[in-house]
Amino acid sequence: MVKVFITNGCLGCRKAIKFFQENNIEFSKKDFSTNKLTKKELIDILSLTSEGFNDILSVKSKDYKSKRKEINDLTINQMINLIINTPMILSRPICLEYDKEKKPFRLLVGYNANDIEIFLRKDHKKTFKHIPSCGFEKQCGALCGRVVNENK
């Protein structure tokens, strides 16, 4: 099941919802501007990021710009509370897929037509194996299956 976190008036959010509807993909949506994220939802999202909060914050948002100086000094719990109480600081939409055991499985932040299709592929690991060398095999080899020989 895919859970889509949106805000009212967000063009990318509308496009993501339309994509799921047109492709008959089961999803639920939550408007986090009117219905606060829970701590568990936020931790589920963060558990799938590679750069933590940096992956989900909207650096162009007014809220981020007004709090930019204090953000670096916040603890993880303070940052979580800031996001829950200032949700417009987040990038959107945030698409989070859960596996059969209801554990977070895949994450997509923001809307991009190509990325959303790749996000939903069940054979995503096979797809990555056919992509020419990306240059990041050392960092993400476990994901794409490539192994870098460091002796070269």
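In what follows, the accompanying structure is described. (Residues numbered from 1 in each chain as written. Predicted model: local features only at pLDDT ≥ 70, side-chain atom pairs only at ≥ 80, totals over all residues. Heavy atoms only, no water.)

1. Describing the nonpolar core
Working step 1: With 21 residues, the main nonpolar core has L42, F53, I56, L57, I83, I89 and L90 as its most contacted residues.
Working step 2: With five residues, the top contributor of residues to this core is helix 4 (residues 76-85).
Working step 3: Those residues in contact with F53, other than ones at most four positions away along the chain, are L46, I76, M79, I80 and I83.
Working step 4: Formed by 14 residues, the second largest nonpolar core is a distinct cluster that contains V2, I6, C10 and I17. (Core = buried A, V, L, I, M, F, W, Y, C linked by side-chain atoms within 4.5 Å. Buried < 20%, exposed > 50% of the residue type's maximum accessible area, 1.4 Å probe, protein only. Helix = DSSP H or I, 4+ residues; strand = E, 2+ residues; numbered from the N terminus. Contact = heavy atoms within 4.5 Å.)

2. Notes on the sheet that holds strand 4 (residues 104-109)
Working step 1: Read from one edge to the other, the open sheet built from four strands follows the order 2-1-3-4, with strand pairing classed as mixed. Two strands close off the open sheet at either side, each with one partner strand: strand 2 (27-31) and strand 4. For this sheet, the mean inter-axis angle between neighbouring strands, taken without regard to orientation, is 20°.
Working step 2: Here strand 3 (residues 94-98) runs beside strand 4; their pairing, made up of five bridges, is antiparallel. The residue of strand 4 that forms the bridge with L96 is L107.
Working step 3: Along the sheet, helix 1 (residues 11-22) contacts strand 1 (2-6), strand 2 and strand 3; its crossing angle with strand 1, the most-contacted strand, is approximately 155°.
Working step 4: Where helix 5 (residues 113-120) meets the sheet, it contacts strand 1, strand 3 and strand 4, and its direction lies at approximately 175° from that of strand 4. (Pairing = 2+ DSSP bridges. Axes fitted to C-alpha atoms, helices over the stretch in contact; angles between N-to-C directions.)

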